[in-house]
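Results of the structural survey
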Amino acid sequence: MTKQDKKRVDELEDKFEAMKKTKWAKNTRITSGVIWNLFLLFLVIGLTLTVFGASVGAGYFASLVEKEPLRSKQEMRSEILSYEETSEIYTNGKYLRKVRADIDRKEVKLEDVSPYVINAVYATEDEYFNTHNGIVPKAVFRGLFQDVTNSDNQTGGSTLTQQLIKNQILTNEVSYERKAKELLLAMRLEHFMTKDEILESYLNIIPYGRNSNGGNIAGIEAAAEGIFNKTAKELNLAQSAYIAGIPQAPFAYTPFYNGTNGLKDEKGLKPGINRMKTVLFRMKETEYITEKEYNEAIAYDITKDFRTAAPAPKSRDEFLTDEIQRSTIAILADMIAEEDGIDADRLKEDKKLNEKYSILAERSMRNDGFRIHSTVDLALYNAMNDVSENFSQYGFTTALNSTNKQTGEKVTEKLPVQVGATLLDNKTGKILAFVGGRDHELEATNHATQTTRQPGSTIKPLLVYAPAIEYGVIGAGSPVVDVKFRRGSYTPANFIPTQELGIISARQALTTSQNLAALRLYNQILDRRPAEFLKKMGYTSLVESDYENLSASLGGLRYGGTVQENTSAYSTLANGGQHVDPYIIEKIEDRNGNVVYQHKVEPVQVFSPQTAYIVTDMLRDVASSGTAKVMKSKLNFNVDIAAKSGTTNSFSDAWLLGYNPNVSLGVWLGYKYQTKSLEGRGNAQYGTASSRTNALYAKLMNAINQARPETVGQNVRFQRPNGVVNRSFCGISGLAPSAACSAAGLVRSDLFNANVMLPNKADDSIISSSSVSVKGKRYAALPSTPSEFITAGGVGVNEEFIKRMLGPLGGDASKLFPARSSFASRVVSGAIFPADGVAPAGVTASQNGSVLTWSASPSNDVIGYYVYNGGTRVGTIIDGQSLSFPIGSGNYTVRAVDITGLTSAPSNAVKTVAEAPESETPDDSTNGSGDSGGDTGTTPPDSNTDTGTKPKPPGNGGGDGKPKPPGNGGDDGKPKPPGNGGDDGKPKPPANGGDGDGDGDTGGE
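Residues numbered from 1 in each chain as written. Predicted model: local features only at pLDDT ≥ 70, side-chain atom pairs only at ≥ 80, totals over all residues. Heavy atoms only, no water.

**Details of the overall build of the protein chain**
When helices and strands are tallied, the protein chain shows 29 helices and 32 strands. Summarising the internal contacts of the protein chain: among those between residues at least 6 apart in sequence, 70% fall at separations of at least 24. Taken as a whole, the protein chain presents about 47200 Å² of accessible surface, with 51% of it coming from carbon and sulfur. (Helix = DSSP H or I, 4+ residues; strand = E, 2+ residues; numbered from the N terminus. Contact = heavy atoms within 4.5 Å. Areas by Shrake-Rupley, 256 points an atom, 1.4 Å probe, with all protein chains shown as cover.)

Below, the structure written as structure tokens:
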């Protein structure tokens, strides 16, 4: 170094030292030190968090997969390669058929698949398939990031291996646990299977939308055949790209609609064609095809290759197979979940969990070679379905116009009346046979097991009468009240809206299905939550309101029940009060013949045997003389049968449930949509909804008995259990007969459960009574009521009885014993008429020959009318009699009379003149004109008290020979009110209090 250079270095050092002593240099030095230290700190923290995060992630991943069993190579290969449908169904111990596939799949070897297909799958589904070890980490992290950030762009990250695992071993459940298991199993599978084996399996199991018949398809061979009518090996480039693009969104990209709707229109095909072009572009980008091949395939008209085919025919066996498979899946799902330690209640309540195990169970059912033994008796099944297919009284087939959501086109849906029926063995709960519907192709829903509908009046024995008897509230003949009431805005009525039968027996109320009586009785027991009985009998769709609403007693449940559930509930009554769950799977064997499932009958005592028998005896009357008598009259064999019919509002549903000691049969009719009425347009020619159901039921029972008479057992009868006794009681109160009740002829007798209720307390309701009629209704006479309008010496009831019978719901007491009541001829209700204390409105009189007539008073408390001639009252007309009176000469007026004795102003006067006598001289031996009064003059009388030769007003029963007002057999000549049960020869009301025709169901129908 030269001196000059050394001098420069020294100068620089001096300047640097000087700068270090400045304030700026000191601050810079401190800042840089802090920054460096912070960098080191953050580096340490970052590394620590990375290690911690990785540890937590690893721990979390481990926790997600800890319950996943460590499958062996053989187990994993077996599960992956199991895509054959091998399970079989047996009925009557004989082979029926293989399990029906919901997805059409045909196995194909990899060498029989077009190279275009394989390359298209690589390009679109798994670009790195031949190089990865089951997963692509960056794709996994990308998918995780998108999920955490809730990104709109979800690209996914599943390899072909992962998709194979998801479809064959796991499920489609969306959860981190399933994804973690998928990753683990995918890496493990890569050690047990070659790439070609994985690819071949993938191509055989992946879903490809629908075929030309609208059926679901899976696997490349079924897709090639179902879409293009080719083998997988024959597919060209465009066809291969189209099929390879479908799995991303199978039902959006498939060219066919579901069912029989065929090929989509241009708008519907566009998404699939666009997807095909995307696949072709990716194949070009990944160099699987050349630019020329790409351009040719893009220009190719793929639409001309789509297949057209007629739909495959369906049969009644489809309903049977579907039902057996559904039940098998449910059983296997419970078994698999139990093996995994999942509680049955949790499986039922957790929808996602239930879906997961249902998928696993369905896979097991189809692939594990089970022999599934059903309870269905094919002879009975075919007999019932023969009747169903040939029944001609279902009703009018209507239609519904709507818009297809996929195409926007107007479509017409054919809507025939549908049917559901179930036949059960009472003791075991075996489903012996059923009718699922009329046309599986038109509607695959099993209306015996899958459709929940409101049960109408068929609920009354189950929810009202059986619980009331079980609680000891009534016996079979105990009095119930069929009188209208209002609760808020709820104003129910009987099937005949104007009908109120008053006090009737529980037996009669059930026989003729009275709504008002059922509602009032149900209100008495509602606080005990009788719907719990329905739950015990297998109703699965109950909600809280069903336990609380009064209308539930008429069938107004939120969802109702299925035909199978309703029939099973009735079988409880047939089975001495014991309920056994209905079932269709007797046992399941594995491919080696080992029994892996055996059904066990586990009865639950719901009602006592006494209650079950009493309700059964009441329902015998429904079949013999009530709303199901048409059914019984059409049976061609004798059977001890109990039954109940029911319809819902607007006749949306029609039911008939019945049973004998051996079997129970339930039948339902209705349209698919509840807005359609069975008695709507076009249905009049088929008869009422109830008559059609009665007719079908009888045909089914006749066919069942012909096919298996030993199963029905027509000579078997219900046996009365100990504790069911026959006792006498006062018919109007239900209490023990008193002397007054016996004297009045009101004693009745019927069945009681001696263990919970007997009529021991003496009746105290009867009193002597004087009554009066107001507009046809009987009321207690008031002290001021004129005696000529009163019927004295009758049998009445006290006010305490009235309050007790009407209960908290109240009602019109005068309706307790209406004119048509079986008690009306002997009992007056004792109701007090709410008089207004105002004189009634007047009337208008006129003359019709020798008869005086007048209009009715518009006042609502009128009990009759007085007729006057001049100032003298000459006649009394009581409520219910003709508003007329025979007259002679005079000046006549009419006054209305109310229950308090007040009279209206006189009507207009009707003046009449007596006819002139004959001109010849009367014989001396006669008394004048022969009117017993010796009157020969023609001048109108000046006074009604003249006893000389002036004319007299008409008398009321005197012996003067003059016309008299209508009488009712009394001695005083005064009119009497109509009687109900005397010896006057007048018509009597029907003995049962009904409307006399007995044909219509008067329940909530």
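There's plenty left to go through after this.
**Some thoughts on the packing of helix α4 (residues 115-125) against helix α10 (residues 237-245)**
Two measures define how a pair of helices packs: the angle their axes make with one another and the distance between the axes. Two elements in contact, α4 and α10, have axes whose closest approach is 9 Å; the angle formed by their N-to-C orientations is 40°. The orientation of α4 relative to α10 falls into the category oblique. In this structure, α4 crosses over α10, and the sense of that crossing is right-handed. Of the residues in α10, those in contact with Tyr-116, Val-117, Ala-120, Val-121, Thr-124 and Glu-125 of α4 are Leu-237, Ser-240, Ala-241 and Ala-244. Residues that form the contact of α4 with α10 fall into these classes: 7 nonpolar, 2 polar and 1 charged. (Axes fitted to C-alpha atoms, helices over the stretch in contact; angles between N-to-C directions. Parallel < 35°, antiparallel > 145°, perpendicular 65-115°, else oblique. Left-handed = near helix turned anticlockwise from the far one by under 90°. Nonpolar A, V, L, I, M, F, W, Y, C, P; charged D, E, K, R; others polar.)

**Side note on the pattern of salt bridges**
Considering all chains together, one arrives at 28 salt bridges under this definition. Salt-bridge contacts for Lys-284 lead to Glu-291; the nearest nitrogen and oxygen are separated by 3.7 Å. For the salt bridge of Arg-717 with Asp-640, the shortest nitrogen-to-oxygen distance reads 4.0 Å. On the criterion of sequence distance, the pair formed by Arg-717 in the loop between α27 (709-712) and β20 (724-730) and Asp-640 in the loop between α25 (629-633) and β17 (642-647) is long-range, its members being 77 residues apart. What emerges from the salt-bridge pattern is a single network uniting Arg-507, Asp-617, Arg-620, Asp-621, Asp-640, Arg-717 and Asp-750. (Salt bridge = Lys/Arg side-chain N within 4 Å of Asp/Glu carboxyl O.)

**Examining the side chain of Gln-163**
In this fold, Gln-163 is placed in helix α6 (residues 160-168). Of note is the side chain of Gln-163, whose polar atom sits 3.2 Å from the side chain of Glu-125. The residues touching Gln-163, leaving out its near neighbours within four places in the chain, are Glu-125, Ser-158, Tyr-202 and Ile-206. (Polar contact = N/O pair within 3.5 Å; in protein donor to acceptor, adjacent residues only side chain to side chain.)

**Digging into the sheet that holds strand β22 (residues 766-774)**
The strand order across the open sheet built from 4 strands is β23-β22-β24-β25, with neighbouring strands paired in mixed fashion. Edge positions in the sheet fall to β23 (777-780) and β25 (827-828), since each of these pairs with one other strand and no more. Taken together, the 2 bridges between strand β24 (residues 791-797) and β25 define a ladder with parallel strand orientation. Counterpart to Gly-796 in the pairing with β25 is Val-828. (Pairing = 2+ DSSP bridges.)

**Brief notes about the side chain of Arg-520**
Relative to the elements of secondary structure, Arg-520 occurs in helix α20 (residues 515-525). Put simply, Arg-520 is tucked away with no salt bridge, and the nearest opposite charge, on Glu-500, sits 6.8 Å away. Among the polar contacts listed, one links the side chain of Arg-520 to the backbone oxygen of Val-483, at a separation of 2.8 Å. Apart from the residues lying within four places of it in its own chain, the contact partners of Arg-520 are Val-481, Val-483, Lys-484, Phe-485, Leu-806, Leu-809, Gly-810 and Gly-811. (Buried < 20%, exposed > 50% of the residue type's maximum accessible area, 1.4 Å probe, protein only. Lys, Arg positive; Asp, Glu negative; His and termini not counted.)

**Remarks on unusual backbone geometry**
Located in the positive-phi region is Glu-287, a residue other than glycine, with phi close to 65°. Looking at the element boundaries, Glu-287 is found in the loop between α12 (266-285) and α13 (291-299). With a phi angle near 60°, Phe-651 is a residue other than glycine that sits in the positive phi range. Along the chain, Phe-651 falls in the loop between β17 and β18 (653-659).

**A short note on helix α9 (residues 220-228)**
Within α9, 8 of the 9 residues are buried, which leaves the element mostly enclosed by the surrounding structure. For α9, the complete set of buried residues consists of Ile-220, Glu-221, Ala-222, Ala-223, Ala-224, Gly-226, Ile-227 and Phe-228. Looking at the buried side of α9, the elements it contacts are β3 (103-105), α4, α8 (195-205), β4 (207-210), β5 (216-218) and α10.

**Some words on the packing of α12 against α13**
Their axes nearest at 10 Å, the elements α12 and α13 cross at an angle of 175°. By the angle class used here, α12 and α13 are roughly antiparallel. Residues Met-276, Lys-277, Leu-280, Phe-281 and Lys-284 of α12 lie in contact with α13, whose contacting residues are Glu-291, Tyr-294, Ala-297 and Ile-298. Of the residues in the contact of α12 with α13, the class split is 6 nonpolar, no polar and 3 charged.

**Some points on the packing of aromatic side chains**
Per the counting criterion, the structure on display carries 20 aromatic pairs. When the centroid spacing of 5.0 Å and the interplanar angle of 85° are considered together, the rings of Phe-391 and Tyr-394 count as edge-to-face. For Phe-391, a relative accessible area of 7% gives the class buried. Put simply, the rings of Phe-228, Tyr-242, Phe-256 and Phe-306 touch in pairs and so form one group of aromatic residues. For the cation-ring pair, Arg-895 lies above Tyr-868, with the distance from its terminal atom to the ring centre recorded as 5.7 Å. (Phe/Tyr/Trp six-rings, centres within 6.5 Å; stacked < 30°, edge-to-face > 60°. Lys NZ or Arg CZ within 6 Å of the ring centre and 35° of its normal.)

**Quick notes on the environment of Met-701**
Checked against the element boundaries, Met-701 lands in helix α26 (residues 689-707). Spatially, the C-alpha atoms of Met-701 and Val-387 are 9.8 Å apart, while their sequence positions differ by 314 residues. Setting aside anything within four residues of it in sequence, one finds Met-701 in contact with Leu-635, Phe-637, Leu-665 and Val-712.

**Let's talk about the sheet that holds strand β14 (residues 585-589)**
Spatially, β2-β1-β6-β14-β15 is the arrangement adopted by the 5 strands of the open sheet, whose pairing is mixed. The open sheet has two free edges, formed respectively by β2 (94-98) and β15 (595-598), since each of these has just one partner strand. Shown here is a sheet whose adjacent strand axes are inclined to one another by a mean of 20°, direction ignored.

**Focus on the state of the cysteines**
Counted according to the given criterion, the structure contains 1 disulfide. Between the sulfur of Cys-730 and that of Cys-741 lies a disulfide, 2.3 Å long from S to S. Negative torsions about the S-S bond denote left-handed disulfides, and the value of about 105° found for Cys-730 with Cys-741 makes this one right-handed. Taken as a pair, Cys-730 in strand β20 and Cys-741 in helix α28 (residues 739-743) lie far apart in primary sequence, 11 residues in all. No difference in accessibility class separates Cys-730 from Cys-741, as the two residues are buried. (Disulfide = S-S within 2.5 Å.)

**Focus: the environment of Leu-542**
Residue placement: Leu-542 occurs in the loop between α21 (531-536) and α22 (544-548). With a relative accessible area of 18%, Leu-542 lands in the buried category. With 18 residues separating them along the chain, Leu-542 and Gly-560 place their C-alpha atoms 7.2 Å apart.

**Examining a negative patch on the surface**
A cluster of acidic residues, Asp-334, Glu-338, Glu-339 and Asp-340, forms a negative patch at the surface. Counting through the fold element by element, Glu-338 comes out in helix α14 (residues 317-339). (Patch = residues over 30% accessible without salt bridge, like charges linked within 9 Å, V, L, I, M, F, W, Y side chains within 5 Å. Charge placed at Lys NZ, Arg CZ, Asp CG, Glu CD.)

**Some points on a nonpolar patch on the surface**
A cluster of nonpolar side chains, namely Val-34, Leu-38, Leu-41, Phe-42 and Ile-45, defines an oily patch on the protein surface of about 450 Å² accessible area. In this structure, Phe-42 sits in helix α2 (residues 23-65). Of the residues examined, Phe-42 reaches a relative accessible area of 56% and is grouped as exposed.

**Quick notes on the pairing of strand β26 (residues 845-848)**
Sheet analysis places β26 next to strand β27 (residues 851-854), joined by 4 bridges and oriented antiparallel. In the sheet register, Ser-846 faces β27, and the bridge partner there is Thr-853. In textbook terms, the turn of a hairpin is the stretch between consecutive antiparallel strands, and for β26 and β27 this stretch comprises 2 residues, one of which, Gly-849, has a positive phi near 70°.

**Observations concerning the confidence of the model for the protein chain**
Taken residue by residue, the protein chain gives an average pLDDT of 84. The fraction at 70 or more is 82%. Taken together, the stretch residues 916-1005 has pLDDT below 50 and engages in 152 contacts with residues farther than four places along the chain or on a different chain. (pLDDT = per-residue confidence, 0-100.)

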